[in-house]
Structures are given as C-alpha cells and as structure tokens.
Amino acid sequence: MKVALDSPVGSVYVLTEERLEEGIRESRLNGRGRIIIPIQRSEQAPVQRLVNVLQPGSYVRPHYHPRPQAVELICILRGRVNFVVFDETGRIEKSVTLQAGSAPTIMDIEPKVWHTIIALEPDSVILEIKGGPYDREQDKVFADWAPEEGSPEAESFLRSLASESCCG
C-alpha cells in the first residue's frame, strides 16, 4: 500500500494547492486513510520534513522515536486532530486537540515519548518536522500494548482511544 507521494526535486520546494489536493485525493483512496507528502529531497536529509494528510479512521499505531535527535514538531495546517501522549503502559497522560486557525496549533515532543494522532475531520493536514536522517529500522518503536496496524483489533482500539482521549 502506498505510504507517500514522490519526493520533490530541486533546491526550492513550494507546497502548491495542486500538490496538496493530490495528497488529499490519495489519502481518501488509500486503505490506510493517510498519505505523506515529502518535503525533504531524500530520506538522508538531516532534518525530515513532511506533510501528512489524514482521514478520520486512520490508525496510527502508538509509538515513540528512540534516537536522541528525533525531537518531533507537529503543526496543524488544515482540519482538526487529536494528539495523544501515553505513559509506558498505555495510560493516556495528555490529549491535545489541534485545530487549524485556532490555538493550539503546534505540538513539540522529545524522543522516547509514546504518542499517536487521530484525525477528527476529513482532509486534516499536519506538517511534521523531525531530526533525521530517516532510518526505517530505527525510526519508531511501536507499543506492544496497542494492536498492529491492519489487525482486526485496530479499528476498535482506535474507536476506544478516540472516545477516551477527545472531546470529539
């Protein structure tokens, strides 16, 4: 299943309305309910920059980023999402709704913080910035207390999490 659009080329990149609409279309068609629009030209870039388009029902398995440079900044550009932070057992420690055009619009988290994001509105768009380079094997540690993406339990876990963590 497609995870991302192609990376841009060239020394200057502008996220156009056309490119954003392409990402929205792809996220609606994608079985995962989301798609990445890369901004960095390469996974080897020292700072990873991407736009993530999410649809309600997209399950982002709770995880943390283990590498010390993996501080992550999330900024809502369109729509509304719920950003959830957990302790190591899966208990919700913090839940923050980010809505475009209304504070708060930014979340910044240190490495090794368990978290997930839940789309509350169709076509929600976030900007993510994280220390790189990207290494698929070391990027994320998934929570063993949360079901795997695509598993039969994932949908009910997401519904339960959304009702526990959010004002709706």
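The structure we're discussing is the one just above.
All right, on to the overall build of the protein then. Helices and strands together make up the secondary structure of the protein, namely 2 helices and 10 strands. Relative to the globule expectation of 15 Å for 168 residues, the C-alpha radius of gyration of the protein, 15 Å, shows essentially globular dimensions. Seen through its C-alpha atoms, the protein measures out along the principal axes to roughly 45 × 35 × 35 Å. For the protein, with 168 residues in total, the buried portion stands at 46%. Here the contacts in the protein between residues at least 6 apart in sequence split such that 75% fall between residues at least 24 apart. Put simply, the protein shows about 8700 Å² of open surface, and 52% of that area lies on carbon and sulfur atoms. Distance from the positive charge centre (19 side chains) to the negative charge centre (25 side chains) of the protein: 3 Å.

For the coordinates displayed, the defined rule picks out 12 salt bridges. Two residues, Arg19 and Glu22, come together in a salt bridge whose shortest N-O distance is 3.3 Å. Of the two residues, Arg19 and Glu22 both sit in helix α1 (residues 17-29), 3 residues apart, roughly one turn of that helix. Classification of Arg19 by relative accessible area gives buried; the value is 17%. Overall, Glu22 belongs to the partly exposed group, its relative accessible area being 27%. For Glu155, the salt bridge goes to Arg159, with nearest N and O atoms at 3.0 Å. Residue Glu155 and its partner Arg159 are both found in helix α2 (residues 154-165); the two are separated by 4 residues, about one turn of the helix. You can call Glu155 exposed: its relative accessible area is 57%.

Rules and cut-offs
- Residues numbered from 1 in each chain as written.
- Predicted model: local features only at pLDDT ≥ 70, side-chain atom pairs only at ≥ 80, totals over all residues.
- Heavy atoms only, no water.
- Helix = DSSP H or I, 4+ residues; strand = E, 2+ residues; numbered from the N terminus.
- Rg over C-alpha atoms; globule rule 2.2 N^0.38 Å.
- Buried < 20%, exposed > 50% of the residue type's maximum accessible area, 1.4 Å probe, protein only.
- Contact = heavy atoms within 4.5 Å.
- Areas by Shrake-Rupley, 256 points an atom, 1.4 Å probe, with all protein chains shown as cover.
- Lys, Arg positive; Asp, Glu negative; His and termini not counted.
- Charge placed at Lys NZ, Arg CZ, Asp CG, Glu CD.
- Salt bridge = Lys/Arg side-chain N within 4 Å of Asp/Glu carboxyl O.

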